[in-house]
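Fold and contact review
Listed below are the residues making up each chain.
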Amino acid sequence: VRIGAGIFDLDLAAIGLKIEENPWIARAEVVRSLPDEIVIKVTEHQPSAVIQLDYLYYVNAGGQVFKLLDSGDRLDYPIITGIDRQFLLDRPADGQAWLRQALALVGELEGRQLFNLAAVSEIQIDLEDGLVVHTRQYGVPVLFGQDGFENKLDRLEKIYGDLKPRLTALHYIDLSVADRVIVKVDPKYAAGRNEKQGRKGVS
């Protein structure tokens, strides 16, 4: 927009598109306000998560990947992994569906008391098994599958107080089976426990 340009000589659509080149701008609306002004209204992207593609990018609440992270950008958002840039390019509808699932789980985790975002290191998209959350402590996989995250978190939180001190010995926690929490002990810990029990039996 040049000073002195006639208000009817301005290409408002082009001005809006130019503003939208900024990765933080989701939408720019440019209108004339007679006699001699233009009004620019912008809607900004709000990050909801960070996704690991070839590099780290911000994702908004609608599942749109909108900005490559720079050195000064904040990293204190949930991290989504498991799909790559090529998957999003080749299968955009599937990619958006998976990202919306991951963000729905993020939304459920935000309001939790026992198992929440502070307890999570990453949310992994597994194209076969669904969503897998890795705990911040010891990286234990928690299998969520798809959908029904509220009920699954309800089941997990009922026993998580007892599980948390034993995370180091767990191989995984499976919430994808209806109405159950399946806890698998890491084989190396199970073997050590069986060996101890065997020695006790001999003595």
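Cut-offs applied
- Position numbers for residues start from 1 in each chain and track the written sequence from start to end.
- Per-residue local features of the predicted model are confined to residues with pLDDT of at least 70, and side-chain atom pairs are confined, for both listing and counting, to 80 or more; whole-chain, interface and lining totals are unaffected and use all residues.
- Only hydrogens and water are removed before side-chain values are computed, so all heavy atoms of the structure are retained for them.
- Runs of H or I in DSSP of at least four residues are treated as helices and runs of E of at least two as strands, each being numbered from the N terminus.
- Two things to know: the radius of gyration comes from C-alpha atoms, and the globule rule equals 2.2 Å times the number of residues to the power 0.38.
- Any two residues whose heavy atoms approach within 4.5 Å are treated as being in contact.
- Charged-residue counts in this description rest on Lys and Arg as positive and Asp and Glu as negative, His and the chain ends being excluded.
- The atoms used to mark charge sites are NZ of Lys, CZ of Arg, CG of Asp and CD of Glu.
- The span one expects for a helix is its residue count, reduced by one, times 1.5 Å.
- The classification of residues rests on relative accessible area computed with a 1.4 Å probe and restricted to protein chains. Under 20% of the type maximum is buried, over 50% is exposed, and intermediate values are partly exposed.
- Nonpolar cores are built from buried Ala, Val, Leu, Ile, Met, Phe, Trp, Tyr and Cys residues. Side-chain atoms within 4.5 Å join them into one set.
- Pairing between strands is defined by DSSP: at least two bridges between them are needed.
- When a carboxyl oxygen of Asp or Glu is within 4 Å of a side-chain nitrogen of Lys or Arg, the pair counts as a salt bridge.
- Counted as a polar contact is a pair of N or O atoms within 3.5 Å, where, for protein atoms, one must be capable of donating a hydrogen and the other of accepting one, and residues adjacent in sequence contribute only when both atoms are in side chains.
- The axes are straight lines fitted to the C-alpha atoms, using for helices just the contacting stretch, and the angles between their N-to-C directions are given from 0 to 180°.
- Note that the term roughly parallel is reserved for angles under 35 degrees, roughly antiparallel for angles over 145, roughly perpendicular for angles of 65 to 115, and oblique for everything else.
- By convention, the crossing between two helices is left-handed when the near helix turns anticlockwise from the far helix through less than a right angle, and right-handed when the turn is clockwise.
- Ten residues, namely Ala, Val, Leu, Ile, Met, Phe, Trp, Tyr, Cys and Pro, are considered nonpolar, four, namely Asp, Glu, Lys and Arg, are considered charged, and the remaining ones, Gly among them, are considered polar.

**Some points on the overall build of the protein**
In terms of regular secondary structure, the protein is built from five helices and 11 strands. For 203 residues, the compact-globule formula gives about 17 Å, and the C-alpha radius of gyration of the protein, at 24 Å, lies well above that figure. Sequence-distant contacts, at least 24 apart, represent 41% of the contacts inside the protein between residues at least 6 apart. Averaging the positions of the 24 positive and the 30 negative side-chain charges in the protein gives two centres separated by 9 Å.

**A closer look at helix 3 (residues 92–110)**
Between the first and last C-alpha of helix 3 there are 27 Å, a value that for 19 residues agrees with the 27 Å anticipated at 1.5 Å per step. Every buried residue of helix 3 is accounted for by Gly95, Trp98, Leu99, Gln101, Ala102, Leu103, Leu105, Val106 and Leu109.

**Examining the nonpolar core**
As a rule of thumb, soluble globular proteins bury nonpolar side chains together. Counting 35 residues, the largest nonpolar core has Leu105, Phe115 and Phe144 as its most contacted members. Looking at this core, the element that brings in the most residues is helix 3, giving seven residues. Core analysis: the second largest hydrophobic core is formed by five residues, Val50, Tyr58, Leu69 and Tyr77 among them.

**Focus: the pairing of strand 5 (residues 65–68)**
Every regular strand shows the same layout, with side chains that alternate between the two sheet faces. Two strands pair when backbone bridges link them, and strand 4 (residues 56–60) and strand 5 are joined in this way by three bridges, in the antiparallel orientation. Following the sheet pairing, tyrosine 58 is matched in strand 5 by lysine 67. Counting the residues between successive antiparallel strands, the hairpin from strand 4 to strand 5 contains four residues, one of them, glycine 63, with a positive phi of roughly 85 degrees.

**Topic: the pattern of salt bridges**
Applying the stated criterion to the full structure yields nine salt bridges. Across the salt bridge formed by arginine 91 and aspartate 94, the nearest N and O atoms sit 2.9 Å from each other. The exposure class assigned to arginine 91 is partly exposed, which follows from its relative accessible area of 39%. A residue is classified by how much of its surface remains accessible, and aspartate 94, at 33% relative accessible area, is partly exposed. Here arginine 112 and glutamate 157 are joined by a salt bridge, their closest N and O atoms 3.2 Å apart. Of this pair, arginine 112 sits in the loop between helix 3 and strand 7 (120–126) while glutamate 157 sits in helix 4 (residues 149–163), placing them 45 residues apart in sequence. Glutamate 157 carries the same exposure label as arginine 112, and that label is buried. Connected through salt bridges with shared partners, the residues Glu108, Arg112, Asp154 and Glu157 form a single ionic network.

**Let's talk about the side chain of aspartate 174**
Position of aspartate 174 relative to the elements: it lies in strand 10 (residues 170–174). Arginine 155 provides the closest opposite charge to the buried, unpaired aspartate 174, separated from it by 7.3 Å. One polar contact links aspartate 174 to serine 176, side chain to side chain, over a distance of 2.5 Å. What aspartate 174 contacts, discounting residues up to four positions off in sequence, is Leu143, Arg180, Val181 and Ile182.

**What to know about the packing of helix 3 against helix 4**
Two measures define how a pair of helices packs: the angle their axes make with one another and the distance between the axes. For the pair helix 3 and helix 4, interaxial distance at closest approach is 10 Å and the crossing angle is 45 degrees. By the angle class used here, helix 3 and helix 4 are oblique. Crossing angle aside, the handedness with which helix 3 passes helix 4 is right-handed. Counting all contacts with helix 3, which are made through Gln101, Ala104, Leu105, Glu108 and Leu109, the residues of helix 4 involved are Phe149, Glu150 and Leu153. Looking at the contact of helix 3 with helix 4 residue by residue, the classes come out as five nonpolar, one polar and two charged.

**Describing the sheet that holds strand 3 (residues 47–52)**
Spatially, the nine strands line up as an open sheet ordered 5-4-3-6-7-8-9-10-11, and their pairing is mixed. The strands lining the two open edges of the sheet, one partner per strand, are strand 5 and strand 11 (182–185). With direction set aside, neighbouring strand axes in the sheet form an average angle of 25 degrees. Here strand 3 pairs with strand 6 (residues 79–81) via two bridges, running parallel. Residue pairing for strand 6: isoleucine 51 is matched across the bridge by isoleucine 80.

Structural measurements only, silent on function.
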